[in-house]
Amino acid sequence: MTGQTIAVVVILLVAAGYLAIRTLRKRRKGACGCEHCPAQDSK
Amino acid sequence: MILAAPALDTVTIALAGNPNCGKTTLFNALTGLRQKVANYPGVTVERKTGRCRLADGRTAEIIDLPGTYSLIATSPDEQVAMEVLRGLRIDTALPQVVVAVVDASNLARNLYLTSHLLGLGRPVVVVLTMDDIAQGRGELIDPQMLSLRLGVPVVRYSGRTGEGLDGLRAVLAEAAIAPTPPLWSLAPAMAAEVDGLAAFVAGDAERRRNIALRLLTGDQASDLDGARQEAGEQLVLSRERLRGQGIEPMEAEIEARYVWIDSIVAACLTRGRPPTTSLSERVDAILVHKFWGLVLFAVIMGALFISLFVVADPIMGWIGDGFDWLGAAIGGTLAEGPLRSLITDGLIKGVGGVMVFVPQIALLFGFLALLEDSGYLARAAFLMDKLLASVGLHGRSFIPLLSSFACAIPGIMATRTIASPRERLATILVAPFMSCAARLPVYGLLIATFFVNWGPLGKAGILLSCYLLGIAAAAAVAFIATRLLGRHGQVTPFILEMPTYQVPQLGSFVRAVWFNTWAFLRRAGTIIVSITVLLWALAYYPQLPAERVEEVRAAALVAQPAAATEDERSLAVDQAESSARLAHSAAGVIGKTIEPVIAPLGFDWKMGVGLVGAFAAREVFVSTLGVVYGVGEVGDDDTSLQQAMVADRRSDGRPVWTTAVAISLLVWFVLAMQCMSTVAIVRRETGGWTWPIAQLVGMNVIAWIGSFAAYRIALLVWP
């Protein structure tokens, strides 16, 4: 496996991990996840 | 009544007041947070919490509540305020201190809610806001006298200068004494019924009288459920006796409160000069005029759309050039391989393609912030009431629908201000037809590419048409939906308080633009980047084996006519290779699978990949095209996405992208429901899956039919 391929695999895992964690967190908090969203408590 | 000073280090304080009296401005000042503030009623529809430090060092948990005119809730947002103040919500602690935010320029009406708050049995602090507007009208309020008459501390606070905040922090730290509930004289018959009913309710004399009065006036709050049962038949009899004497209990109570309020206003308010027609009223004579109001509304909106092209275009060009330079610079340092493709084709062409639209987003939100802060938007809502009523919606639907132009999610949440469930549901169902900010990059790309010679006015016209098509679709669906839902429940009249015109504050304008632009950038830098990276992988893998590449190139060369020049042959062979590579990838397989469904709309499988990506976030359509054309590109990486789209050819040599296809795609993006976050919020707000699923299916069927019709008609004009 070349260096470029390893770097690509790492980036793909980070992107997929980020999306997965975000979806799970959203589900737990019940917030919609939208940046405009007033549904989330401010702090 | 004296309550023990809270022993804990944290004190819970609720901010209550009429809509648009400045609660959230005060909340932001106390907590240092940046909740949305605008010069129209109904911005806050859910309670918000933040923390601040009081003068004595204790921490206060501040709760900002939606505006309400009384503690008798008539809409879901007022219900939130009432329930928090009465301690009926499991998720919110009972506030230990209540801050009654009172708009000094509407003293009597604001004191009506204060009269309710004084009866809660908890310490109250009155904060006078908008005193500068009252003074401008020649109305001088004596805070000491007001404090004396109400029996609670009164603090002046200026949202503009922040003056009075320290004083308020000190007063809040000391607020431990619950005021004596105000004593207004009820009509003798009413007073007798209250006393009679109180005998059937448990508790001390003061509580019994308070509860009896609330029961009699028809308060439906759940904390009265027990008392309602205790009173039983007596409550019905009491009401009947009063009505027999021509007394409507609720009206009689309101009247009695206002007699009390009028006496306080008379004692505390001095008019320096007789009331004259205010500037707001004079301006309103034109802005809410039946004819000129609508003309000015059209002019203002037209100016907004033209500015999106005239002002934003050059800046967008610079940003695009910047990304192109970055791509070339990074591409030059990395050897050919997957990482280079991921960075240049995936990240720079994909995400850069979305980032280009930052100036348009900033302008759109800047313009809206100016209209909001000035107080114009409430007038626009008033103008639209008749139009909205004609399709079965409510004047109060305007602000939710308008918010949906930024994002449907806050728009759908803002429907909580609509009292009628039928009108609220209809507004929720049509809100996603309003073109949200996420659609702007798609519109921008298609308009800039296929209407290149139309000039700023023509481009603005097409963009405006997209927005108008969404509005027209919303009107048509609302018209049908409200009839299908039936006219259950009473038709609620539209009463909207016209906020006083204010010169927009620079700070609030800059904050609004920054907040929304930053939100867009953050979205591009997190979700869009992640999805684009994954889409890049789908478009890059699995790779076409080297021997297949040679076969495809050889076949393409053979297929060339003998008369073709060397350049033409080379281009055709490169294009055949890129198409074969993409078709072999996972994205290609997905696109080809859905192609039969979208082919009648003029879309090819590459657009299909974009449409699938757009279900994660609409902007991803732009980044997907960037990736698809970037990955597919053979040789130099110097063609822009727009050039690549125009140059793309089908296997029979016809262009993939035509004006008719662009129009069909625009119509699809106007009408389709693609946002999963919106589906989630509709489920939450309607309390089930029926409506979000009906909306998702319905809107996409409408979008398919609309795109099909638009494509066929456009083919007649641009064959």
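Per-chain numbering applies: the sequence of each chain, read as written, is numbered from 1 onward. Labels follow written order: the first chain is A, the first ligand is 1, and so on. Thresholds applied to this predicted model are a pLDDT of at least 70 for local features of residues and 80 or more for the giving and counting of side-chain atom pairs; totals over whole chains, interfaces and linings are not thresholded and use all residues.

**Observations concerning the overall build of chain B**
Rules: The way it works is that DSSP assigns letters per residue, a run of H or I at least four long becomes a helix, a run of E at least two long becomes a strand, and they are numbered from the N terminus.
Across its full length, chain B carries 32 helices and 8 strands. Once the C-alpha set of chain B is aligned to its principal axes, its extents read approximately 105 × 50 × 50 Å.

**Let's talk about the overall build of chain A**
This is how the line gets drawn: Using C-beta atoms placed from the backbone, we call a residue buried if 20 or more other C-beta atoms fall within 10 Å of its own, exposed if 12 or fewer do, and partly exposed for counts in between.
Assigned secondary structure in chain A consists of 1 helix and 0 strands. A total of 43 residues make up chain A; the buried ones form 19% of that total.

**Considering the confidence of the model for chain B**
As a reminder, the rule being used: A residue's pLDDT is the confidence the predictor assigns to it, expressed on a 0 to 100 scale.
Averaged over every residue, the pLDDT of chain B is 85; the share at 70 or more is 94%. Listed scores for the predicted complex are pTM 0.72 and ipTM 0.79.

**Section: the nonpolar core**
All names here are of chain B. Spelled out, the test is: What makes a nonpolar core is a set of buried Ala, Val, Leu, Ile, Met, Phe, Trp, Tyr and Cys residues, with links drawn between C-beta atoms within 7 Å. Whether two residues are in contact is decided by their C-beta atoms, placed from the backbone, lying within 7 Å.
Membership of the largest hydrophobic core comes to 137 residues, with the highest contact counts inside it found for Ala-539 and Leu-666. For this core, the leading source of residues is helix α23 (residues 506-540), giving 15 residues. Not counting residues up to four positions away in its chain, the partners in contact with Ala-539 are Leu-582, Ser-585, Ala-587, Val-627, Val-628 and Val-631. Formed by 57 residues, the second largest nonpolar core is a distinct cluster that contains Leu-85, Val-97, Leu-111 and Leu-172.

**A closer look at helix α22 (residues 455-485) of chain B**
In an α-helix, one full turn covers 3.6 residues, which means residues spaced three or four apart are oriented alike. Residues and elements named next belong to chain B. Note the following rule: For a helix, the expected span equals 1.5 Å multiplied by the residue count minus one.
When the terminal C-alpha atoms of α22 are compared, their 44 Å separation across 31 residues agrees well with the 45 Å that a helix rising 1.5 Å per residue should span. For α22, the full list of buried residues reads Lys-459, Ala-460, Leu-463, Cys-466, Gly-470, Ala-473, Ala-474, Val-477, Ala-478, Ala-481 and Thr-482. Close packing links the buried residues of α22 with α13 (292-310), α20 (421-430), α21 (440-450), α30 (659-671) and α32 (690-717). A positive backbone phi angle near 80° is found at Gly-486, which sits one or two residues after α22.

**Describing the environment of Leu-571 of chain B**
Looking at the secondary structure, you find Leu-571 of chain B in helix α25 (residues 566-584). In this structure the C-alpha to C-alpha distance between Leu-571 of chain B and Leu-54 of chain B, which are 517 residues apart in sequence, comes to 72 Å.

**As for the packing of α20 of chain B against α22 of chain B**
Residue and element names in this part refer to chain B. As a reminder, the rule being used: Note on definitions: angles span 0 to 180 degrees between N-to-C directions of axes, and those axes are lines fitted to C-alpha atoms, for helices only across the stretch in contact. Each crossing gets its hand from how the near helix is turned against the far one by less than a right angle, where anticlockwise is left-handed and clockwise is right-handed. Gly falls in the polar group here, along with every residue not listed as nonpolar (Ala, Val, Leu, Ile, Met, Phe, Trp, Tyr, Cys, Pro) or charged (Asp, Glu, Lys, Arg).
At a minimum axis distance of 9 Å, the contact between α20 and α22 shows a crossing angle of 145°. Seen along the crossing, α20 lies across α22 with a hand that is right-handed. Contacts between α20 and α22 involve Arg-422, Leu-425, Ala-426, Leu-429 and Val-430 from the first element and Ala-474, Val-477, Ala-478, Ala-481, Thr-482 and Leu-485 from the second. Of the residues contributing to the contact of α20 with α22, the split by class is 9 nonpolar, 1 polar and 1 charged.

**Let's talk about the domain arrangement of chain B**
Residue and element names in this part refer to chain B. Spelled out, the test is: Segment limits for the domains were obtained from an automatic or database-derived domain assignment.
Domain annotation for chain B reports domain 1 (10-174) and domain 2 (188-247). Relative placement of domain 1 and domain 2: their C-alpha centres are 29 Å apart. Looking at side-chain class alone, the side of domain 1 that touches domain 2 contains 3 nonpolar, 1 polar and 1 charged residues.

**Observations regarding the packing of helix α16 (residues 358-374) of chain B against α23 of chain B**
Residues and elements named next belong to chain B. Where α16 contacts α23, the two axes come as close as 8 Å, and the packing angle between them is 145°. The chirality of how α16 crosses α23 is right-handed. For the pair formed by α16 and α23, the contact residues are Val-358, Ile-361, Ala-362, Phe-365, Gly-366, Ala-369, Leu-370 and Asp-373 on the first element and Ser-508, Phe-509, Ala-512, Val-513, Asn-516, Thr-517, Phe-520 and Leu-521 on the second. Its residues assigned to classes, the contact of α16 with α23 comprises 11 nonpolar, 4 polar and 1 charged.

**A word on the sheet that holds strand β2 (residues 48-53) of chain B**
All names here are of chain B. Where we set the bar: For two strands to be treated as a pair, DSSP must find at least two bridges joining them.
The 6 strands are arranged β2-β3-β1-β4-β5-β7 in an open sheet whose pairing can be described as mixed. Both outer strands of the open sheet, β2 and β7 (154-156), are each paired with one neighbouring strand and no more. Across the sheet, the mean angle separating the axes of adjacent strands is 25° when strand polarity is ignored. In terms of strand pairing, strand β1 (residues 10-17) meets strand β3 (residues 59-64) through 6 bridges, oriented parallel. Bridge pairing in β3 places Thr-12 opposite Glu-61. The strands touched by helix α3 (residues 107-118) within the sheet are β1, β4 (97-103) and β5 (124-129), with β4 carrying the most contacts at an inclination of about 170°. Taken strand by strand, helix α5 (residues 143-150) contacts β5 and β7, and its axis lies near 155° from that of β7.

**What about the pairing of β5 of chain B?**
Residues and elements named next belong to chain B. How we decide: Seen with the strands pointing away from the viewer, any crossover whose path from the first strand over the helix to the second strand runs clockwise is right-handed.
Here β5 lies mainly inside the structure; 6 of its 6 residues are buried. Burial along β5 is two-sided: the face carrying Val-124, Val-126 and Leu-128 and the face carrying Val-125, Val-127 and Thr-129 are both buried. Note that β4 and β5 share 6 bridges and pair parallel. Across the sheet, Asp-103 pairs through a bridge with Thr-129, a residue of β5. Remark: the β4/α3/β5 crossover connection has right-handed handedness.

**Concerning α32 of chain B**
All names here are of chain B. The terminal C-alpha atoms of α32 lie 40 Å apart, and with 28 residues this matches the ideal 40 Å at 1.5 Å per residue to within 8%. Taken together, the buried positions of α32 are Pro-692, Gln-695, Leu-696, Met-699, Ala-703, Gly-706, Ser-707, Ala-710, Tyr-711 and Ala-714. Structurally, α32 contributes buried residues whose contacts are with α20, α30 and α31 (676-686).

**Details of the environment of Tyr-258 of chain B**
Mapped onto the elements of the fold, Tyr-258 of chain B is located in helix α11 (residues 249-268). On the basis of neighbour count, Tyr-258 of chain B is assigned to the partly exposed category, with 17 C-beta atoms found within 10 Å.

**Comments concerning unusual backbone geometry**
Residues and elements named next belong to chain B. In this model, Tyr-541 is joined to Pro-542 through a cis peptide bond whose omega is -15°. Here Pro-542 lies in the loop between α23 and α24 (546-559). Located in the positive-phi region is Asn-20, a residue other than glycine, with phi close to 60°. Mapped onto the secondary structure, Asn-20 falls in the loop between β1 and α1 (23-31). Since 26 C-beta atoms lie within 10 Å of it, Asn-20 is described here as buried. The phi dihedral of Met-130 is positive, around 55°, even though this residue is not glycine. Mapped onto the elements, Met-130 comes out in the loop between β5 and α4 (131-136).

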